[in-house]
2 protein chains.
Amino acid sequence: MIVETTINETLRKNQLSVTDSRKKILELFLQTQGALAHSDVEKQTGTLFDRVTIYRTLQTFVEKGIIHTIPTADNSVKYALCIDECTEGHHHDNHVHFVCDECNTTFCLTHVQIPSVKLPGGFTGKQTDVIISGICSRCGNQ
Amino acid sequence: MIVETTINETLRKNQLSVTDSRKKILELFLQTQGALAHSDVEKQTGTLFDRVTIYRTLQTFVEKGIIHTIPTADNSVKYALCIDECTEGHHHDNHVHFVCDECNTTFCLTHVQIPSVKLPGGFTGKQTDVIISGICSRCGNQ
DNA sequence: TACAGCTTTGCAACTTTGTTGCAAAATAAA
DNA sequence: TTTATTTTGCAACAAAGTTGCAAAGCTGTA
Ligand SMILES: [Mn+2]
Ligand SMILES: [Mn+2]
Ligand SMILES: [Zn+2]
Ligand SMILES: [Zn+2]
């Protein structure tokens, strides 16, 4: 099974011990198109793991640069796989995020660059987040 | 007192009855540079109003187009006065938001336009939120 | 100014989301 | 296999947000 190997390798590469919860949750992200909230992970894994374990696993993955958090207009925390080469403590997922009003899926538009914005005098920007909401390609074309 | 008159007028104009909590909370927004979280309002008003009343007041103000919510990278809900002429159910606060990493103030950069972003085929954007974090003009110039 | 009708408030109770300490279980290294 | 380290589940807790309902407060009219 190629997926299982990938999962184990990813965990090893990030100096994480290979446990059931980490394998299962990472697998979930690899299988899912779009971002996942904590509650999504909880639903998908059923009673397999404790709520606290899911929190801790997500937190660990964020720290290691395996997943990144996504700010959303409704202020709920969502997570998605890092595609760029993020490393421990150093994320550089500089892409636009899209939330579909119809199916509520959150997409990482990895090929859409963050536009540069000219700020008023005195303001220095370090990080720019862009969240666009509307209709996604799946919901629009039908 | 010109402020008191403004406050009452704003409430009246939005077909809201004039109550202590609404007056006080609206006054707070008028006096404050930057956005406020629910917890900020709670702290600033002390024991004057119940937590639930604050939630309901903020909600009402958002519905009426008096204040708008701001998505933030740390996924906490913030509110700020609408400067544009927003009406019941119709917000058009199309400006950039800035969060200072130093003083944690959230600013509405009302004069900075939202840049237009070219989306991949099939995606239709309706609303774009831009949140920039960095150092604000107050924290930078000293 | 007083009153009736409608709106808002405070309280209680509850849900959801997230955090922490600690012993038991699982993993990794020897 | 054994031991040292890490991770997990549980319990307990804190913070954030929601809902129903009776009491209190507002508004328009008399
Ligand atoms: Mn992303
Ligand atoms: Mn704003
Ligand atoms: Zn969709
Ligand atoms: Zn600042």
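Remember, predicted model here, so these are calculated numbers, not experimental data.

(A) Just the protein's contact with DNA strand D, in detail. In the neighbourhood of DNA strand D, 19 residues make up the surrounding shell, with T19, S21, T53 and R56 of chain A together with V18 of chain B lying closest. The contact in question runs from a phosphate oxygen of DNA strand D to an N or O atom on the side chain of S21 of chain A, over 2.2 Å. Between DNA strand D and V18 of chain B, the relevant distance is 2.7 Å, taken from a phosphate oxygen to a main-chain nitrogen or oxygen of the residue. Counting residues per element, the ones that place at least two in the surface near DNA strand D are α2 (20-31) and α4 (51-64) of chain A together with α4 (51-64) of chain B. In terms of residue count, α4 of chain B provides more of the surface near DNA strand D than any other element does, four residues in total. Of the residues that constitute the surface near DNA strand D, the class distribution is seven nonpolar, six polar and six charged.

(B) Summary view of the protein's contact with DNA strand C. Near DNA strand C there are 19 residues, and of these V18 of chain A together with S21, R22, T53 and R56 of chain B occur at the shortest range. Each atom of DNA strand C within 4 Å of the protein was classed as base or backbone; sugar and phosphate made up 61%. One of the side-chain nitrogen or oxygen atoms of T19 of chain B is found 2.9 Å away from a phosphate oxygen of DNA strand C. Residue R56 of chain B places a side-chain N or O atom 2.6 Å away from a base oxygen belonging to DNA strand C. Where the surface near DNA strand C is concerned, the elements lending two or more residues are α4 of chain A together with α2 (20-31) and α4 of chain B. Broken down by element, the residue count for the surface near DNA strand C peaks at four residues, all from α4 of chain A. When the residues that make up the surface near DNA strand C are grouped by side-chain class, the tally is seven nonpolar, six polar and six charged.

(C) Representation of the coordination of the zinc ion (ligand 4) within the structure. All names here are of chain B. Each protein donor to the zinc ion (ligand 4) is listed here as C100 (SG), C103 (SG), C136 (SG) and C139 (SG); together their distances run 2.2 to 2.5 Å. Each donor residue of the zinc ion (ligand 4) lies on one chain, and together they are spaced C-x2-C-x32-C-x2-C. By relative accessible area, C103 is classed as partly exposed at 32%.

(D) Spotlight on the interface of chain B and chain A. The interface of chain B with chain A comprises 36 residues on the first partner and 36 residues on the second. With both sides pooled, the region where chain B packs onto chain A buries about 2,800 Å², and carbon together with sulfur makes up 64% of that total. Together, N75, F123 and I132 of chain B form the three largest contributors to the area buried by chain B at its contact with chain A, with a combined 20%. Where chain B meets chain A, there are zero salt bridges. The interface formed by chain B and chain A holds ten residue pairs in polar contact (both at pLDDT 80 or more) in total. Of all the elements in the fold, those that place two or more residues in the side of chain B that touches chain A are β4 (95-100), β5 (106-113) and β6 (124-135) of chain B. For the side of chain B that touches chain A, the element with the highest residue contribution is β6 of chain B, accounting for twelve residues. Broken down by class, the residue content of the side of chain B that touches chain A amounts to 19 nonpolar, 13 polar and four charged. Relative to β6 of chain B, strand β6 (residues 124-135) of chain A runs antiparallel, the two being bridged by eleven bridges. Residue pairing for β6 of chain B: D129 of chain A is matched across the bridge by I131 of chain B.

About the thresholds
Residues numbered from 1 in each chain as written. Chains lettered and ligands numbered in written order. Predicted model: local features only at pLDDT ≥ 70, side-chain atom pairs only at ≥ 80, totals over all residues. Heavy atoms only, no water. Near = heavy atom within 4 Å. Polar contact = N/O pair within 3.5 Å; in protein donor to acceptor, adjacent residues only side chain to side chain. Helix = DSSP H or I, 4+ residues; strand = E, 2+ residues; numbered from the N terminus. Nonpolar A, V, L, I, M, F, W, Y, C, P; charged D, E, K, R; others polar. Donors = N, O, S within 2.8 Å, 3.2 Å for Na, K, Ca; no water. Buried < 20%, exposed > 50% of the residue type's maximum accessible area, 1.4 Å probe, protein only. Contact = heavy atoms within 4.5 Å. Buried area = accessible area lost by both parts, 1.4 Å probe. Salt bridge = Lys/Arg side-chain N within 4 Å of Asp/Glu carboxyl O. Pairing = 2+ DSSP bridges.

Remember that the coordinates give geometry; whether it matters functionally is a separate question.
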